[in-house]
Amino acid sequence: MIKPLVEKEVKDLLRDPRIIVPFILGALLLPLLGFVISISMRAAVEQAVTGTQVIGLLDLDGTPTSAELAAWLEQRGVSVVRLAEGSLDSLAEEAAGRGAEVVVIIPRGFGEAISQRRPVNLTFLNVVEELSLLGVSKAVVSASLIEEYVSAAMLRGTGISPSVVRNPVRVAQYTFLTSKGVQLPGDPESLVGLSLSVMLIPLIVVMLALTTMQMSATSMAVENEERTLETLLTLPVPATHILLAKLLAMFVVALLGSVLQLAGMVAYFLLLMSQLVQMSPGQQAPATGVSDLLAPGASTFLAAPAQLVSPQGLGALAVSLLLSLFFCAALGVVVGALSKDVRIASTMVSPLATLFIVPIFLVVYMSSKAMNPLLRAALYILPFTQPAILSKEMIAYTLPPELPVYLTASLALTLLMVYLTSRLLSIETLSRLQRSISTIAPSLKRK
Amino acid sequence: MRAVQVSNLVKDFGTFRALKGVSFEVEEGEVFGLIGPNGAGKTTTFRIIVGLLTPTAGEVKVLGRKPGDLELKKVVSYLPEDAGTYKNITGYELLKIVAELYFGKSREAEEALELGLRIAGLGGKIHEKMKNYSKGMKRRVQIARALMVKPKVAVLDEPTAGLDVIQAKEVREVVKKYSAELGTTVLVSSHNMLEVEDLCGRVAMIHGGVVVKEGFVSDLLKEYGARNLEEVFFQVVGGGAR
């Protein structure tokens, strides 16, 4: 008895585009995401594995032992760049200029410590241009090589195997973000909170944009479904006012959402930075010279939150977010207006959502540095991707100098979208377009 | 003076010709019925009269002006067929919004709202969200919305469609009473020819995008020796209404 019923239900469901389209999109989305992520991962891995390992060496010890370490590293295929003592900025700049992503600072007493078989203190300064989830630190490779040398040097002439020595080197890690001229405690990977925000914040931003679009599409589709749009268009009010009223209402609701999101974002940074401060009580002034990094309690040197996320950056993000919400609300109105009912509107929003999500994954996973400049410009100009890339680069990289131009371009696109939407708001145009859509996709016809 | 003049109206939707030269005139203060089966062209004609659609050919004048301009919209009310409501606002809120759209925050708006509340006649239920309304209640609010602004012309497309006999009767009574009281010219469409007899003085019968007969209800009944308009209609179209 139940079998025909089940059969009927299954057929009914599988023939419904509302059910099928998200399935297909979901199936397409995952391989697409995998593809996007794999490209970025391959680039990151290639960067780490291929090419000569370049280490910047600042030898403050100046003993034969430290010179021997440099020669030993070179024998192992590492290209050693000798750096002169100076300010952190100039040190990082020189290292980056000569292709070194990690600077090993050998302190005074290095040779003496080895001869006395005491653990050796080393300071690693990772010089990176951007924070990324997928970066592989050169410091890890360097540290293991140096450890190998130190173990061997300590036990020279004893006949003891170097492999029995545990922790001959104590490493202090720092990261210097060249794009911002900011130093942070720890290696780039351990700044996972920041890296994670690079992923999460653009996603939150895009969710907000999608919610706005869905909301306005539904609201407009209800107008069609209930035939209230017809009534509205016969009231003594211009169509542009009807559209603006709708957009503003969407905007206000979405704004409330984004204010909460923005507050959450600011709270996230403050919390994160306060965590870093707690890790290193005491001094909070940023280190300026190498000697600061070598001083006891050196991990207290921190970037102030404002150095990482500038108020200008937050301001630009707020503007960009507002434009994006307006754009998405207008896009939603278009989708809703073209839909005879809510069901059709939901079906139409799904493919649009994919168009939003794919670029966002590019933003999240692709290194800003490695990104094609044209792609980067496009992501900055499109109102729905702009806040995502802006929020990422604001934290992890550096904002482009052309940002005001991009903001203007996205404002222009938003205004164009609103204008086109207002042209659409007539029963004549809408019924013509709805008929065309029904012809192209007969399954969307109102049943 | 003529409130509405429709001459040789043609409307194409792609390759489909919905109206094939519709003509009729409505005098001021008249309750005029456009009757015909579904798909005859009633809604398309009304949508052109209120300026929602533009004709492919032919001309429409409402109170001597072309439809669609903002000044005309102030004196022409339209009730679309199957008009729904906003589910999450109350009937009172809807009427208040409409009153303010027409008259701003003025004494006139307050009067319009009072009239609207009287026409709707929903008592305390007017303050409930409209998603809780029955179909008849929703239609009462819509009729109130259309008439409370004291329009010179009210275009009501199938105002009783989907209502039960009691609700339909109530809506007809409201339209009759208030259109007479306000001196409004009413154009009403229906595929229910019996109810049109109850409501209208004069009718035009439309079939396949063409007006096939026009006249006073009493004259038409006499001319065809018919008991009702339905019989007249079938005699006019030769029984092949569909």
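Residues numbered from 1 in each chain as written. Chains lettered and ligands numbered in written order. Predicted model: local features only at pLDDT ≥ 70, side-chain atom pairs only at ≥ 80, totals over all residues.

Q: Explanation requested: the overall build of chain A in the structure shown.
A: The helix and strand inventory of chain A stands at 17 helices and six strands. Expressed as a percentage of its 447 residues, the buried residues of chain A come to 39%. If you take every contact in chain A between residues at least 6 apart in sequence, the share linking residues at least 24 apart comes to 80%. (Helix = DSSP H or I, 4+ residues; strand = E, 2+ residues; numbered from the N terminus. Buried ≥ 20, exposed ≤ 12 C-beta atoms within 10 Å, placed from the backbone. Contact = placed C-beta atoms within 7 Å.)

Q: Just to check I follow, could you spell out the overall build of chain B for this structure?
A: Broken down by element type, chain B carries nine helices and nine strands. Against the 2.2 N^0.38 benchmark of 18 Å for 242 residues, chain B shows a C-alpha radius of gyration of 18 Å, consistent with a compact globule. In terms of its C-alpha atoms, chain B occupies a principal-axis envelope of roughly 50 × 35 × 35 Å. Scored against the burial criterion, the 242 residues of chain B give a buried share of 47%. (Rg over C-alpha atoms; globule rule 2.2 N^0.38 Å.)

Q: Explain the interface of chain B and chain A to me, please; I cannot follow it from the model alone.
A: Often the size quoted for an interface is simply the accessible area lost on bringing the parts together. Of the residues lining the interface, 19 residues belong to chain B; the matching set on chain A comes to 14 residues. At the level of secondary structure, the elements contributing two or more residues to the side of chain B that touches chain A comprise α2 (70-73) and α3 (91-103) of chain B. Of the residues that constitute the side of chain B that touches chain A, the class distribution is eleven nonpolar, four polar and four charged. (Nonpolar A, V, L, I, M, F, W, Y, C, P; charged D, E, K, R; others polar.)

Q: What is the right way to read unusual backbone geometry from this model?
A: Where the residue is not glycine, phi is negative for most of them; where a peptide bond is considered, it is trans in most cases. Of note in this structure, Asn167(A) is not a glycine but carries a positive phi near 45°. Structurally, the position occupied by Asn167(A) is in the loop between α6 (138-154) and β5 (169-177). Of note, Asp82(B) is a non-glycine position whose phi angle comes to about 60°, a positive value.

Q: What am I meant to see in the nonpolar core here?
A: The nonpolar side chains of a soluble globular protein tend to be buried with one another. Grouped together as the largest cluster of nonpolar side chains are 171 residues, with contacts concentrated most on Val103(A), Val104(A), Ala329(A), Val155(B) and Leu187(B). Examining the composition of this core, we find that 16 residues originate from one element, helix α12 (residues 311-338) of chain A, more than from any other. When residues no more than four places from it in sequence are discounted, the contact partners of Val104(A) are Ile55(A), Leu57(A), Leu122(A), Phe124(A), Ser142(A) and Ile146(A). (Core = buried A, V, L, I, M, F, W, Y, C linked by C-beta atoms within 7 Å.)

Q: In this structure, what is going on with the UniProt feature "domain: ABC transporter" (unreviewed entry) in chain B? I would like to understand it.
A: The UniProt feature table records "domain: ABC transporter" (unreviewed entry) at residues 4-233 of chain B. Annotated as 39% helix and 27% strand, the span residues 4-233 of chain B places its first and last C-alpha atoms 23 Å apart. (UniProt positions renumbered as here; feature names shortened; annotations may be inferred.)

Q: Looking at this structure, I do not really get the environment of Thr398(A). What am I missing?
A: Residues and elements named next belong to chain A. Structurally, the position occupied by Thr-398 is in the loop between α15 (386-396) and α16 (403-424). Looking at Thr-398, the number of C-beta atoms within 10 Å reads 18, which means it is partly exposed. Separated by 165 residues in the primary sequence, Thr-398 and Leu-233 have C-alpha atoms spaced 48 Å apart.

Q: Whenever I open this one, the UniProt feature "transmembrane region" (unreviewed entry) in chain A confuses me. Can you help?
A: In the numbering used here, UniProt assigns the feature "transmembrane region" (unreviewed entry) to residues 20-39, 190-210, 247-271, 314-338, 344-365, 377-399 and 405-425 of chain A. Between the first and last C-alpha atoms of residues 405-425 of chain A the distance is 31 Å; the span itself is 95% helix and 0% strand.

Q: What's the story with the pairing of strand β7 (residues 185-190) of chain B in this structure? I'm lost.
A: As a general feature of sheets, a regular strand has side chains that alternate between the two faces. Residue and element names in this part refer to chain B. Most of β7 is tucked away: six of the six residues are buried. Side chains of β7 alternate between two faces, with Thr-185, Leu-187 and Ser-189 and Val-186, Val-188 and Ser-190 buried alike. Note on the crossover from strand β6 (residues 153-157) through helix α6 (residues 165-182) to β7: the handedness is right-handed. (Right-handed = clockwise from strand over helix to strand, strands pointing away.)

Q: It is not clear to me how the pairing of strand β2 (residues 79-82) of chain A should be interpreted in this structure. Could you clarify?
A: Residue and element names in this part refer to chain A. As defined by bridge partners, strand β1 (residues 54-59) adjoins β2 across four bridges and the pair is classed as parallel. By the bridge assignment, Leu-57 is partnered in β2 with Arg-82. You can see the chain leave β1, run along helix α3 (residues 64-75) and come back into β2, and the turn it takes is right-handed. (Pairing = 2+ DSSP bridges.)

Q: What exactly am I supposed to notice about the sheet that holds strand β4 (residues 57-62) of chain B here?
A: Residues and elements named next belong to chain B. Ordered in space as β2-β1-β4, the three strands form an open sheet in which the pairing is antiparallel. If you trace the sheet from one side to the other, it starts and ends with β2 (16-27) and β4, each paired once. Direction aside, neighbouring strands of the sheet carry axes that sit 15° apart on average. In the sheet, strand β1 (residues 2-13) pairs with β4 via five bridges, with the strands oriented antiparallel. Bridging across to β4, Val-4 finds its partner in Val-62. Of the strands in this sheet, β1, β2 and β4 touch helix α1 (residues 42-49), which is tilted by about 120° from β1. (Axes fitted to C-alpha atoms, helices over the stretch in contact; angles between N-to-C directions.)

Q: Help me understand the confidence of the model for chain B, please; the structure alone is not making it clear to me.
A: In regions of low pLDDT, the predicted coordinates are not meant to be interpreted in detail. Here chain B averages 89 in pLDDT, and 98% of its residues register 70 or above. Per the prediction output, this complex has pTM 0.71; the corresponding ipTM is 0.90. (pLDDT = per-residue confidence, 0-100.)

Q: Help me understand the domain arrangement of chain B, please; the structure alone is not making it clear to me.
A: Under the domain assignment used here, chain B contains domain 1 (1-42 + 63-76 + 202-212) and domain 2 (78-148). The C-alpha centroid of domain 2 of chain B is placed 26 Å from the C-alpha centroid of domain 1 of chain B. (Domains from an automatic or database assignment.)

Q: What is the right way to read the environment of Ser77(B) from this model?
A: All names here are of chain B. By the secondary structure assignment, Ser-77 is in strand β5 (residues 76-79). Since 27 C-beta atoms lie within 10 Å of it, Ser-77 is described here as buried. Sequence separation of Ser-77 and Gly-33 is 44 residues, and the distance between their C-alpha atoms is 16 Å.

Q: Mind showing me how you'd approach the environment of Leu317(A) here?
A: All names here are of chain A. Structurally, Leu-317 can be placed in helix α12. When the 22 C-beta atoms within 10 Å are taken as the criterion, Leu-317 is described as buried. Placed 69 residues apart in sequence, Leu-317 and Gln-386 show a C-alpha to C-alpha distance of 8.7 Å. Residues in contact with Leu-317, not counting those within four places in the same chain, are Pro-387, Leu-390, Ser-391 and Met-394.

Q: Which parts of the structure should I look at to understand the confidence of the model for chain A?
A: Residues and elements named next belong to chain A. Taken as a whole, chain A shows an average pLDDT of 76; of its residues, 71% reach a score of 70 or greater. In this model residues 278-284 is a low-confidence stretch, pLDDT under 50, and it forms twelve contacts with partners more than four residues away in sequence or in other chains. When the criterion is pLDDT under 50, residues 297-304 qualifies, and its contacts beyond four places in sequence or with other chains add up to 27 contacts.

Q: What is the right way to look at the sheet that holds β7(B) in this model?
A: The pairing of strands in a sheet happens through backbone hydrogen bonds and is either parallel or antiparallel. All names here are of chain B. Strand order in the open sheet made by the six strands is β5-β6-β7-β3-β8-β9, with mixed pairing throughout. Each edge of the open sheet carries a strand with a single partner, namely β5 and β9 (210-216). Direction aside, the axes of adjacent strands within the sheet are offset by 15° on average. Here strand β3 (residues 31-35) runs beside strand β8 (residues 202-207); their pairing, made up of four bridges, is parallel. Considered in β8, the bridge of Gly-33 is made with Val-203. The strands touched by helix α8 (residues 217-224) within the sheet are β8 and β9, with β9 carrying the most contacts at an inclination of about 105°.

Q: Would you mind going over the packing of α12(A) against α16(A) with me for this structure?
A: The geometry of a pair of packed helices is captured by two quantities: the angle between their axes and the separation between those axes. All names here are of chain A. The geometry of α12 relative to α16 is characterised by a closest axis approach of 9 Å and an angle of 20° between their N-to-C directions. By the angle between their axes, α12 is roughly parallel relative to α16. Regarding α12 and α16, the two cross each other, and that crossing is left-handed. Residues Ala-316, Val-319, Ser-320, Leu-323, Phe-326, Phe-327, Ala-330, Leu-331, Val-333, Val-334 and Ala-337 of α12 form the contact with α16, whose own contacting residues are Leu-403, Leu-407, Ser-410, Leu-411, Leu-413, Thr-414, Met-417, Val-418, Thr-421 and Leu-424. Class assignment of the residues belonging to the contact of α12 with α16 gives a composition of 17 nonpolar, four polar and no charged. (Parallel < 35°, antiparallel > 145°, perpendicular 65-115°, else oblique. Left-handed = near helix turned anticlockwise from the far one by under 90°.)

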